[in-house]
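Commentary on secondary and tertiary structure
Each chain, written out:
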Amino acid sequence: MLVLSRKKNESIVIDDKIVITVVEIRGDKVRLGIEAPKEIPVHRSEIHAAIQNEQAKNGPVVSES
């Protein structure tokens, strides 16, 4: 795991496509802003785990484009 330090309004860029910016630091909470292309899903880890569990039960969801 790569660990980086950032201050408010500083960003991290991933693969020239995803920008993560520290929006606010309040006590022990950090608010992040994430800019990513629409085709890249962005979820909190607990939501991602729930999606994975649901897909394991029911099979992957196929979206119509």
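Residues numbered from 1 in each chain as written. Predicted model: local features only at pLDDT ≥ 70, side-chain atom pairs only at ≥ 80, totals over all residues. Heavy atoms only, no water.

Our focus in this paragraph is unusual backbone geometry. If you check the backbone angles, Asp15 has positive phi at about 55° while not being a glycine. With respect to the element layout, Asp15 can be found in the loop between strand S1 (11–14) and strand S2 (18–26). Unusually for a residue other than glycine, Asp16 sits at a positive phi of about 55°. Following the sequence through the fold, Asp16 ends up in the loop between S1 and S2. (Helix = DSSP H or I, 4+ residues; strand = E, 2+ residues; numbered from the N terminus.)

Within the secondary structure layout, Lys17 lies in the loop between S1 and S2. The class of Lys17 is exposed, set by a relative accessible area of 51%. Here the alpha-carbon distance between Lys17 and Ile40, two residues 23 residues apart in the chain, equals 9.5 Å. If we skip the residues at most four places from it in the chain, Lys17 touches Glu35, Ala36 and Pro37. (Buried < 20%, exposed > 50% of the residue type's maximum accessible area, 1.4 Å probe, protein only. Contact = heavy atoms within 4.5 Å.)

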